[in-house]
Amino acid sequence: MDSSREKDDYYPTPPDATKKMIDCCPWLLCNNNQTSYDVWEPACGEGHISEVLKDHSIKTYSTDLVDRGYGDLRNIDFLMEQKSLAPWIVTNPPYKLANEFVKHAYKLQEQSKDGEGFIFLLRLAFLEGQKRYEEIFQHTPPDTVLVHTKRLTLIRGDHESAWYGSGKTAMAWFVWKINRFKKDVDQPSIQWI
Ligand SMILES: C[S@@+](CC[C@H](N)C(=O)[O-])C[C@H]1O[C@@H](n2cnc3c(N)ncnc32)[C@H](O)[C@@H]1O
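Residues numbered from 1 in each chain as written. Predicted model: local features only at pLDDT ≥ 70, side-chain atom pairs only at ≥ 80, totals over all residues.

Novice: So what's going on with the overall build of the chain? Residues and values would help.
Specialist: The helix and strand tally for the chain stands at four helices and eight strands. Each helix (α) and strand (β) of the chain, taken in turn from the N terminus, gives the series α-β-α-β-β-β-α-β-α-β-β-β. Across the 193 residues in the chain, those meeting the buried criterion constitute 35%. A fraction of 68% describes how many contacts in the chain between residues 6 or more apart in sequence connect residues 24 or more apart. (Helix = DSSP H or I, 4+ residues; strand = E, 2+ residues; numbered from the N terminus. Buried ≥ 20, exposed ≤ 12 C-beta atoms within 10 Å, placed from the backbone. Contact = placed C-beta atoms within 7 Å.)

Right, here's the structure in full:
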């Protein structure tokens, strides 16, 4: 077994993980106009998250840095984008760039008049770390952390494998809602899914 990480950090998200997230975020399916919010999946891979969102009738724009034959726009570096494509951004970002993705998503959604927030699948250990606390959590904590009670098996996207066996990685969905007008930020809540 090759223990190195996949070059572009391509680890597709098991569809069940996205289904559980949607179950906990029913408001995604019902905005003020009683329709679902549009979503941007900016690191879509082969569409494992996007397809589940679409199955729930959520209009989804999909982009990725790497062209894997999926998506509305190909070879788009999320970190270079200056405008958000949708009120919500949902992804499982590349592990190595997770901090940068969070900070950039916050900036884009805060600047966008329609920006509501973003939902990222991250390692549970993302909660740790002095530097991350200072850069992210101190000023812009998530609204909710949805902790997967079962560990997820994330398989390298360049390996021919199905999702099987016991999971290896403790993961959680982190939900950031943009608080434009609030000076004091609420403390995050935790749910187990
Ligand atoms: C962990 S995989 C997740 C794929 C997909 N979101 C899913 O959950 O199945 C991370 C993805 O981020 C993409 N990626 C890496 N750097 C990126 C960047 N700067 N901008 C956009 N996508 C990037 C990789 O090509 C890869 O498809």
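On we go.
Novice: Could you give an account of the packing of helix H3 (residues 98-111) against helix H4 (residues 130-137), with specific residues and numbers?
Specialist: The angle between the axes and the distance between the axes are what describe a pair of packed helices. Put simply, H3 and H4 touch, their axes get as near as 11 Å, and they point 15 degrees apart. Judged by the angle between their axes, H3 and H4 are roughly parallel. Along this stretch, H3 crosses H4, giving a crossing that reads as right-handed. Note on element contacts: H4 touches H3 through Arg 132, Glu 135 and Ile 136, opposite Asn 99, Val 102 and Lys 103. Considered class by class, the residues forming the contact of H3 with H4 number two nonpolar, one polar and three charged. (Axes fitted to C-alpha atoms, helices over the stretch in contact; angles between N-to-C directions. Parallel < 35°, antiparallel > 145°, perpendicular 65-115°, else oblique. Left-handed = near helix turned anticlockwise from the far one by under 90°. Nonpolar A, V, L, I, M, F, W, Y, C, P; charged D, E, K, R; others polar.)

Novice: How would you sum up the sheet that holds strand E1 (residues 39-41)? Please name residues and give values.
Specialist: Pairing is mixed in the open sheet, where eight strands are placed in the order E3-E2-E1-E4-E5-E7-E6-E8. Every interior strand has two partners, whereas the edge strands, strand E3 (73-74) and strand E8 (189-192), have only one. Two strands pair when backbone bridges link them, and strand E6 (residues 144-147) and E8 are joined in this way by four bridges, in the parallel orientation. Bridge pairing in E8 links Thr 144 to Ser 189. (Pairing = 2+ DSSP bridges.)

Novice: Can you tell me about the pairing of strand E5 (residues 117-123), naming the residues and giving the values?
Specialist: Among the seven residues of E5, six are classified as buried, and the element is accordingly described as predominantly covered. Bridging between strand E4 (residues 88-91) and E5 involves four bridges; their strand directions are parallel. From the neighbouring strand, Ile 89 faces E5, where its bridge partner is Phe 118. In this view, the connection linking E4 to its parallel neighbour E5 by way of H3 has right-handed handedness. Direction of pairing for E5 relative to strand E7 (residues 171-177): antiparallel, over a ladder of seven bridges. In the strand pairing of E7, Leu 121 is matched with Trp 173. (Right-handed = clockwise from strand over helix to strand, strands pointing away.)

Novice: Could you give me a rundown of the environment of Trp 176, with the residues and numbers involved?
Specialist: As for its placement among the helices and strands, Trp 176 is situated in strand E7. Owing to 22 C-beta atoms within 10 Å, Trp 176 belongs among the buried residues under this scheme. When the C-alpha positions of Trp 176 and Pro 142 are compared, they lie 4.3 Å apart, and in sequence the two are 34 residues distant. Not counting residues within four places of it along the chain, the set of residues in contact with Trp 176 comprises Tyr 106, Gly 117, Phe 118, Thr 140, Pro 142 and Asp 143.

Novice: Give a description of the environment of Gly 69 that names residues and reports values.
Specialist: Here Gly 69 lies in the loop between strand E2 (60-64) and E3. What makes Gly 69 exposed here is the crowd of 7 C-beta atoms within 10 Å. For the pair formed by Gly 69 and Gly 47, sequence separation is 22 residues and the distance between their alpha carbons is 9.5 Å.

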